[in-house]
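Summary of the model geometry
What follows is each chain in one-letter form.
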Amino acid sequence: MTAVSVPPSWGASGHEEIFIRKGVELRKKGKNAEALAEFEKAFEVAHTPRAAAQLGLCEQALEKWLSAHLHLSVALASESDSWVSQHRETLSKSLADVASHLARVEVKGTPADAMVNVGGDVLGRLGDSPVVQVAPGPTQLTATANGYVPFKETRTFAAGETSVVNIQLAHVDAAPAENESQPVAAADVSASPTQPPIQESRRSMVGHWIGWGAGAALLGAGVFFGVKAASHADDARTAERYSKSSEDAASTAQTLQWVCLGAGVAAIAAGTFLYFRLPGETEVAVAPSLLAGGTTVNWQGRW
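All figures in this text were calculated on a predicted structure; none of them were measured in a lab.

1. Observations concerning the overall build of the chain
Assigned secondary structure in the chain consists of nine helices and nine strands. Every one of the 303 residues in the chain was classed for burial, and the buried ones make up 36%. Intrachain contacts of the chain at a sequence separation of at least 6 include 58% that bridge at least 24 residues. For the chain, the accessible surface area stands at approximately 17100 Å², while carbon and sulfur atoms represent 56% of it.

2. Re the sheet that holds strand S7 (residues 162-168)
Spatial strand order, S4-S1-S7: three strands in an open sheet with mixed pairing. Strand pairing shows two members of the sheet lacking a second neighbour, strand S4 (131-134) and S7, which therefore form its edges. The mean inter-strand angle of the sheet, taken between neighbouring strand axes irrespective of direction, is 30°. Summarising the sheet, strand S1 (residues 103-110) and S4 pair through four bridges and their orientation is antiparallel.

3. Some words on the nonpolar core
By size, the foremost hydrophobic cluster in this structure holds 27 residues, and its most contacted members are Ile20, Phe39, Leu72, Leu91 and Val98. Of all the secondary structure elements, the ones that give two or more residues to this core are helix H1 (14-28), helix H2 (32-45), helix H3 (49-61), helix H4 (65-76), helix H5 (82-86) and helix H6 (88-99). Sequence-distant contacts of isoleucine 20, that is, excluding residues within four places in its chain, are made with Phe39, Ala42, Arg50, Ala51 and Gln54.

4. Points about the pairing of strand S6 (residues 151-157)
Direction of pairing for strand S5 (residues 137-144) relative to S6: antiparallel, over a ladder of seven bridges. When the bridges of S6 are listed, glycine 137 appears paired with phenylalanine 157. Between S5 and S6, which follow one another and run antiparallel, lie six residues, and glycine 147 among them has a positive phi close to 85°.

5. Things to note about the pattern of salt bridges
When the charged atoms of two side chains with opposite charge come close together, those side chains can pair. Inspection of the entire model under this criterion finds seven salt bridges. Across the pair glutamate 38 and lysine 41 runs a salt bridge whose closest N-O atoms are separated by 3.8 Å. You can see glutamate 38 and its partner lysine 41 sitting in helix H2, three residues apart, about one turn around the helix. Each of the salt bridges in this network shares a partner with another, and the network as a whole consists of Glu17, Arg21 and Arg50.

6. Re the side chain of glutamate 17
With respect to the helices and strands, the residue glutamate 17 is situated in helix H1. In terms of polar contacts, glutamate 17 uses its side chain to reach the side chain of arginine 21, at 2.7 Å.

7. Describing the confidence of the model for the chain
When pLDDT is averaged across the chain, the result is 76; 65% of the residues are at 70 or more. Here helix H7 (residues 198-201) stands out as the element of the chain with the lowest mean pLDDT, 45, in contrast to H6, whose mean of 94 is the highest. Low pLDDT, under 50, characterises residues 1-12; the stretch is placed with 27 contacts to residues that sit more than four places away or in other chains. Confidence drops under a pLDDT of 50 for residues 286-297, and excluding neighbours within four residues, the segment shows 25 contacts in the predicted structure.

8. Examining the environment of valine 132
Take valine 132: it is sitting in strand S4. If sequence neighbours within four positions are ignored, valine 132 has contacts with Ala103, Arg104, Val105, Val118 and Leu123.

9. Some words on the packing of H3 against H4
Interaxial distance between H3 and H4 falls to 8 Å at its minimum, and their mutual angle equals 155°. Between H3 and H4, the interaxial angle falls into the category roughly antiparallel. The two elements H3 and H4 cross, and the hand of that crossing is left-handed. Of the residues in H4, those in contact with Pro49, Ala52, Ala53, Leu55, Gly56, Leu57, Glu59 and Gln60 of H3 are Trp65, Ser67, Ala68, His71, Leu72, Val74 and Ala75. Grouping the constituent residues of the contact of H3 with H4 by class yields 10 nonpolar, four polar and one charged.

10. Focus on the pairing of strand S2 (residues 115-118)
Pairing geometry for S2 and strand S3 (residues 121-125), over four bridges, is antiparallel. Its bridge partner lying in S3, valine 116 is registered against glycine 124. Remark: two residues form the turn of the hairpin made by S2 and S3, two consecutive strands paired antiparallel; glycine 119 in that turn has positive phi of roughly 60°. By the bridge criterion, four bridges tie S2 to S5 in an arrangement that is antiparallel.

Calculation criteria
Residues numbered from 1 in each chain as written. Predicted model: local features only at pLDDT ≥ 70, side-chain atom pairs only at ≥ 80, totals over all residues. Heavy atoms only, no water. Helix = DSSP H or I, 4+ residues; strand = E, 2+ residues; numbered from the N terminus. Buried < 20%, exposed > 50% of the residue type's maximum accessible area, 1.4 Å probe, protein only. Contact = heavy atoms within 4.5 Å. Areas by Shrake-Rupley, 256 points an atom, 1.4 Å probe, with all protein chains shown as cover. Pairing = 2+ DSSP bridges. Axes fitted to C-alpha atoms, helices over the stretch in contact; angles between N-to-C directions. Core = buried A, V, L, I, M, F, W, Y, C linked by side-chain atoms within 4.5 Å. Salt bridge = Lys/Arg side-chain N within 4 Å of Asp/Glu carboxyl O. Polar contact = N/O pair within 3.5 Å; in protein donor to acceptor, adjacent residues only side chain to side chain. pLDDT = per-residue confidence, 0-100. Parallel < 35°, antiparallel > 145°, perpendicular 65-115°, else oblique. Left-handed = near helix turned anticlockwise from the far one by under 90°. Nonpolar A, V, L, I, M, F, W, Y, C, P; charged D, E, K, R; others polar.

Laid out in structure tokens, this is it:
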């Protein structure tokens, strides 16, 4: 399977185009693993549909089915990108091939506000009937809601199949202590209305630690890019001849500096909010989402 090679779209950045061209040339030589690194760089600097498509095609060739499905889906979600429009048929066929190597799982049931987790990833609320692609083989499914017996089960899915999992959570008060007829035992009902004090429960929470840790890392990255921006700007000022590359590098580093600093402050603020405002029974999860316009971090929880 070869990479699609066409002139760049008008929205492509200079760095993105360099990485994509290198990746395409490596794929033509059969060096897919090396090409993957170039396409990842292209997608990192510019989350364009074209970069996502080239990355997904390379992942397909390397049989990285889950990530290939994600990136090809991101590319095909674009309705306005001319490059994607020109190659939509090819990309759609590639996505169908990738999907044939995965299992499609749809989760339904009650209560609607139960949080669903599939394969270790937060999928959403049960009432939204979330759908996810999973790798063939055993996959763990869990669902939790306040006042209900937690659901936990491992099921095996086959490539190419579509499965509907129906989850009906039982109320804690209505559930027997030992119910052998239920596929999943009420392993732990410590989340009953009798709870330890909030101050003690907070010790088990991880949401605020995630926020503080991510904030500290982002602030560190902001400082790093600030130093890089100053260094490139100094190179541009002291060079004997005008250097556009140094000026561009300084501008890019400065932009990344402020983005990281802003995101770091927001993450620390979110962690502080979670620590002081959310009760001990609150469940918090962080899930990354890739969109055609960029990468976001979703904080999900219930309280």
